[in-house]
Amino acid sequence: MVLCPEETLGKEDLRSLQLVRLKETLERVYHLVPFYKKSFDEANIHPENIKSLEDLEKLPFTKKQDLRDHYPYGLFAVPMDQIVRIHSSSGTTGKPTVVGYTAHDMDIWTEVVGRIFRMGGLTSRDILQNSTGYGLFTGGLGFHSAAERMKIAVIPSSTGFTSRQLLLLKDFGATAITGTPSFALHLAEVAKAEGYDIKKDFKLRTGFFGAEPASSGLKEEISRVWGIDYHEVYGLSEIIGPGVAGSCKHSDWLHISEDHFYPEIIDPLTCKTLPEGEKGELVITTITKHGLPIIRYRTGDITRLTRIPCKCGRTLARIESISGRSDDMLVINGVNVFPSQIEHVLSSIGGITLNYQIIAKKKGHLDKLEVDVELDESLMCDDVGVLEKLKKECERSLLNNLYINVAIHLVAPKSIARSEGKAVRVIDQRR
Amino acid sequence: MDSYKLEQLTVFVENRTGELLAITSILEKEGISITSIMLADSSEFGLLRLLTPEISRAKEVLLGNGFMAQTTQVLGVRIENHIGSFSRVVRILGWANIDIRYTYTVNEKNDGIFIFKVDDNLLEKGAKALLDGGVSLIKHEDL
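Residue indices follow the written sequence of each chain, beginning from 1 at its first position. In the order they appear in the text, chains get letters beginning with A and ligands get numbers beginning with 1. Note on the predicted model: pLDDT of at least 70 is required for a residue's local features to be given, and 80 or more for side-chain atom pairs to be given and counted; whole-chain, interface and lining totals, by contrast, use all residues. Excluded from the side-chain calculation are hydrogens and water; included are all heavy atoms of the structure.

Participant: Can you explain the interface of chain A and chain B? Please cite residues and give values.
Facilitator: Residues are treated as being in contact if the distance between any of their heavy atoms lies within 4.5 Å. Listed as interface residues are 18 residues of chain A and, on the opposing side, 18 residues of chain B. Between chain A and chain B, roughly 1500 Å² of surface is buried when both sides are summed, and carbon and sulfur atoms account for 64% of that area. Computed with a 1.4 Å rolling probe, the buried area is the accessible surface lost when two parts are put together, summed over both parts. Of all residues in chain A, A:Met380, A:Asp382 and A:Val384 bury the most surface against chain B, accounting for 46% of the area lost on that side. Just to be clear on terms, a salt bridge is a Lys or Arg side-chain nitrogen sitting within 4 Å of an Asp or Glu carboxyl oxygen. For the pair chain A and chain B, the number of links is one salt bridge. In this structure, the salt-bridge partner of A:Asp382 is B:Arg49, at a minimum N-O distance of 2.8 Å. Only DSSP runs of H or I with at least four residues qualify as helices, and only runs of E with at least two residues qualify as strands; both kinds are numbered from the N terminus onward. Contributing elements (two or more residues each) for the side of chain A that touches chain B: helix H11 (384–402) and strand E20 (406–411) of chain A. Among the residues forming the side of chain A that touches chain B, the class breakdown is 10 nonpolar, two polar and six charged. Asp, Glu, Lys and Arg are counted as charged, while Ala, Val, Leu, Ile, Met, Phe, Trp, Tyr, Cys and Pro are counted as nonpolar; the rest, among them Gly, fall into the polar class.

In structure tokens:
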């Protein structure tokens, strides 16, 4: 049972729908967003020249940096009186990236998330514990609006507070949950420690997880300990938030709502489009959004795409679980962090050098980020309190700017290992 | 009053196996003797405070080996071996509204030497209050 007829369109019908929507979007961005007019003109392409879906390759890419360069609303294609929601993620140069939704975009968003909830069999009789972060981050509210629209009872429990989450889960009788896979495992571990009988005390039967990479072993483990179906959700705020793609119960590949988000896979180095089935970077063009349409967005996520029919009957293309990044982005408990963002925050704090090393670790099932920072020799002092204050200041500033908890270790100058004179910036010990 | 200001060396120590040994080995190799040593630690790092007759050479060799080291000024008082003598010193500083940041001892045969760290701008005032109170302050060459 699918939510929308577009999910089962025949190949040709889908392609012609996509082409109509693409052409309409290109016309709109060309005339409404100066950035696109300029970049299309520079590439010597006019929207009229795009006559097939394959012609899309001729258009330039849009990158995260383009959103930052046009902070906050420069890439919006509608006047602000039509925007009903603004979300934002942390930025590299102190400026966040900003995304805006019209009422029409909110309808799309709730629809595409709704499709994935339907893949998990959710109906108005379900109770959803939405253990995904609320706020500027698109995760929590994205799931929330869609669930509400489907008349699912939502418990807006957000992230953290594990013991309270378990209490709610049991007493409120949630049948479904959202969150990061690592939080799901952490929750199970704490449940056991607190004496819950997982299969007996909870009514959970399905879960929707995303925002961080998960191996098939991890997914199976979550399925097993909770006794639930595992549905993976993929999304990114620049495209819409969660709901770009999701997995049904027949496969661990994710159906991408390509009637709204047209996918391409490119070689991240040559930037050439790759044939179906080959691994590369996912590039998405939104073909229905009004507030912030985005053309050929480089997601940075590495995956493959297939159009092999799925047993569930959906004809939408499927992407494989994200297997990596084409850049140095780290995913820490579902929050995206670039090393350059950490560097930027540290650079605004006196008393430390920019010789630092980021270490990503696993603590139990959760991610833990540590940053070793070399002290500035001029800050050497005889007072433990001053140094502790400096450490706290670094931690607080990273939390405020990047929304992540980081443990700072102050280390002596020149103590961080260098390779060929250059400090090794990131050590990921999670894999 | 300046002659009563003692120079102490403060060294940043990472909370890591072998870190303290690395420092003491360097001093040993250079033939620098340690009069007194005190390690103040937080959960993450420590500050090692050293008294040595060769303060500037000790600082130089530690800096040369990549350690962070800094000289700090402290006060030292000789205290007789009887109950209440330490209290007396603390009381004098308290009356003068001078907070003690930290203190440690230098062992001698009979008497004890206590080292006090007070805020830098209160060093003179502290030294004067102690002298006025009849406490015997020590000079660098007494160590």
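Participant: Mind laying out the domain arrangement of chain A, listing which residues take part and the relevant values?
Facilitator: Residues and elements named next belong to chain A. Each domain's extent is set by a domain assignment, obtained either automatically or from a database. Entries for chain A in the domain assignment read domain 1 (1–325) and domain 2 (330–428). Relative placement of domain 1 and domain 2: their C-alpha centres are 31 Å apart. Across the boundary between the two partners, domain 1 contributes 19 residues, which contact 15 residues of domain 2. Of the roughly 1300 Å² buried at the junction of domain 1 and domain 2 (both faces included), carbon and sulfur atoms supply 57%. Joining domain 1 to domain 2, the criterion identifies zero salt bridges. Polar contacts, as counted here, are pairs of nitrogen or oxygen atoms within 3.5 Å of one another; within protein the pair requires one atom able to donate a hydrogen and one able to accept it, and residues that are adjacent in sequence qualify only if both atoms are side-chain atoms. In this structure, the connection of domain 1 to domain 2 is made through two residue pairs in polar contact (both at pLDDT 80 or more). For the side of domain 1 that touches domain 2, the elements supplying multiple residues, two or more each, are helix H3 (64–69) and helix H7 (181–193). The greatest single-element share of the side of domain 1 that touches domain 2, amounting to five residues, is contributed by H7.

Participant: Kindly report on the pairing of strand E12 (residues 297–303) of chain A, identifying the contributing residues and their values.
Facilitator: All names here are of chain A. Think of it in three bands: residues with accessible area under 20% of the maximum for their type are buried, residues over 50% are exposed, and the middle band is partly exposed, with areas taken using a 1.4 Å probe on protein chains only. Within E12, seven of the seven residues are buried, which leaves the element mostly enclosed by the surrounding structure. Side chains Tyr297, Thr299, Asp301 and Thr303 project from E12 onto one buried face, and the interleaved Arg298, Gly300 and Ile302 project onto a second face that is buried too. Being paired, for any two strands, means DSSP has found at least two bridges between them. Alignment of strand E11 (residues 280–286) against E12, held across four bridges, turns out to be antiparallel. Along E12, the bridge assignment pairs Ile284 with Tyr297.

Participant: I'd love a proper account of the pattern of salt bridges, names of residues and values included.
Facilitator: All names here are of chain A. Enumeration over the complete set of coordinates arrives at 35 salt bridges over all chains. Where Glu258 meets Arg307, a salt bridge forms, and the shortest distance between an N and an O atom there is 2.8 Å. With Glu258 in the loop between strand E9 (254–256) and strand E10 (261–266) and Arg307 in the loop between strand E13 (305–306) and strand E14 (318–319), the pair connects residues that are 49 residues apart, well separated along the chain. On the basis of relative accessible area, Glu258 is assigned to the buried category, the value being 0%. You can call Arg307 partly exposed: its relative accessible area is 31%.

Participant: Let's hear about unusual backbone geometry: which residues, and what values?
Facilitator: Residue and element names in this part refer to chain A. Residue Pro72 is bonded to the preceding Tyr71 through a cis peptide linkage, with omega at -10°. With respect to the helices and strands, the residue Pro72 is situated in the loop between H3 and strand E1 (83–89). For Asn44, which is not glycine, the phi torsion reads 60° and is therefore positive. Mapped onto the fold, Asn44 is located in the loop between helix H2 (34–42) and H3. Its identity as a non-glycine residue notwithstanding, Tyr403 has a phi of 60°, on the positive side. Checked against the element boundaries, Tyr403 lands in the loop between H11 and E20. Overall, the relative accessible area of 41% leaves Tyr403 in the partly exposed class.

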